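Structural description and commentary
Each chain, written out:
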Amino acid sequence: MIYKFNFIEKILLNKDIIAHPFVDIGSNVGLAKALGVAVKLEITDQLSSEEKSSAQIAKQCSVSEKGAELLLGCLEAMGYTERNSKGWKFTKRGLKFLDKNSPDSFRYFILYCDWLFNSITSLEDTIVHGKPSKINYDVFGEHEWELYSRAMIEISRTNLKEVAGKIKLSPNASKLIDLGGSHGQYSIELCKRNNNLSATILDFETVRKYADECIQLHSMQDRVRFEATDFMKEDLPQGNDAALLFNIIHGLTPDQNQFLLGKIFSSLNKGGQLIVLDQIKGVGGNSQLSKATTSFMALNLFHQANGNTYSFDEVRAWANEAGSSKQQLKKLHAPGFALVSCEK
């Protein structure tokens, strides 16, 4: 591990409030790649709380025994597997994050990060030329959209209650728009907590099925709907009491963010709120983990989408220019992440 965890981070990691795959993937590229390959080749699918030999595991997923054993050793180093005289099995951490039947599984997040690592091989060209050769989201196929969308669902499960608990809407709020909300988990949770609230998820048609899946799972069809929209190009619904902009600003340039916040504030009623969730530079103080998260995300987003991570002061300046009267920063448990609430 490259990080010196502070006291709070140690507690959150010990209680799995910070998901271990999130930290492991960011701390060692070699081990991160091993984790991705183990999931992709379905080696982790052969593991459970019961022991299996390396030969059994290798045979069941059609890989070499030596290769399987070396990958399992890497998973052991990260705390996901353990070995005794009978063979390999999951640890408690492995059962939680790698078992495909676990409600806390991080399998899609791991697979999506593995795809990102494969695509980052051209980073040198991006650094030299000052811009990416392509915006990866523009060339996503169905497979990439599934990896991304299901990875975002997995991440949302780690902070859904925390995030919703920090958002205080007016008791009279009745109309919410969720820009780039994809799965809609946050809108669903906010509607559960605010009886008068209905939400519209505004995102690309390609992610509709993931929103529909989550809406049906929570039986929220009468209060949460999906509308296929390119919110950077198309008009927004008007008369909104609140707007969510979660994990969006990091994929845009400062000028694009200023333009988008202007559109959002024009759509809000007086007293309405824009709530931004993102990696916010400087939010973690001296935390090395927080700095590493926002720094790597800035580099990755620059390479993938010509994006960046931004500070609270930058978000506040865009909001003021767009018509906000007050902004508030609220830190989240996840290192480097925060909410910024902007009132019109």
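Here's a quick rundown of the structure. Per chain, residue numbering runs from 1 following the sequence as it is written. Local features in a predicted model are, by the rule used here, given only for residues with pLDDT of at least 70; side-chain atom pairs are given and counted only at 80 or more, and totals for whole chains, interfaces and linings are based on all residues. The basis for the side-chain values is all heavy atoms of the structure; hydrogens and waters are excluded.

Next up on the list: the packing of aromatic side chains. Put simply, two rings from Phe, Tyr or Trp (the six-membered ring, in Trp's case) pair if the centres are within 6.5 Å, and we call them stacked under 30 degrees between planes, edge-to-face over 60, tilted for the rest. Overall, the coordinates contain 11 aromatic pairs when judged by the stated rule. When the centroid spacing of 5.5 Å and the interplanar angle of 65° are considered together, the rings of Tyr 112 and Tyr 148 count as edge-to-face. Note that Tyr 112 is positioned in helix 7 (residues 107-119) and Tyr 148 in helix 9 (residues 142-166), a separation of 36 residues in sequence. The buried label goes to any residue with under 20% of its type's maximum accessible area, the exposed label to any with over 50%, and the partly exposed label to all in between, with areas taken from a 1.4 Å probe on protein chains only. What makes Tyr 112 buried here is its relative accessible area of 6%. What makes Tyr 148 buried here is its relative accessible area of 19%. Site record: aromatic cluster; members linked through ring pairs are Tyr 112, Trp 115, Phe 140, Trp 145, Tyr 148 and Phe 204. Distance and angle both matter: a charge sits over a ring if NZ of Lys or CZ of Arg is within 6 Å of the ring centre and within 35 degrees of the ring normal. One cation-aromatic arrangement involves Arg 150 over Tyr 108; the distance from NZ or CZ to the ring centre is 6.0 Å. For helices the rule is a DSSP run of H or I covering at least 4 residues; for strands it is a run of E covering at least 2, with both sets numbered from the N terminus onward.

So, about the environment of Glu 76. Following the sequence through the fold, Glu 76 ends up in helix 5 (residues 65-77). When the C-alpha positions of Glu 76 and Thr 91 are compared, they lie 8.7 Å apart, and in sequence the two are 15 residues distant.

This part covers the pairing of strand 7 (residues 268-281). Among the 14 residues in strand 7, 10 count as buried, and that is most of the element. Whether two strands pair comes down to DSSP finding at least two bridges between them. Inspection of the sheet shows strand 6 (residues 240-246) paired to strand 7 by 6 bridges, in the parallel sense. Pairing of Ala 242 across the sheet is with Gln 273, part of strand 7. Think of it like this: strands point away, you trace from the first strand over the helix to the second, and a clockwise trace means the crossover is right-handed. Remark: the strand 6/helix 12 (residues 254-267)/strand 7 crossover connection has right-handed handedness.

Moving on: the nonpolar core. By convention a nonpolar core is built from buried Ala, Val, Leu, Ile, Met, Phe, Trp, Tyr and Cys residues, the set being connected through side-chain atoms within 4.5 Å. Residues Ile 167 and Phe 246 are the most contacted members of the largest nonpolar core, which totals 66 residues. A total of 9 residues in this core trace back to one element, the largest contributor, which is helix 9. Those residues in contact with Phe 246 that sit more than four places away from it in its chain are Val 163, Ile 167, Leu 179, Tyr 186, Ile 275, Val 276, Leu 277 and Leu 339. When checking whether two residues touch, look at their non-hydrogen atoms; a contact exists if any pair is within 4.5 Å.

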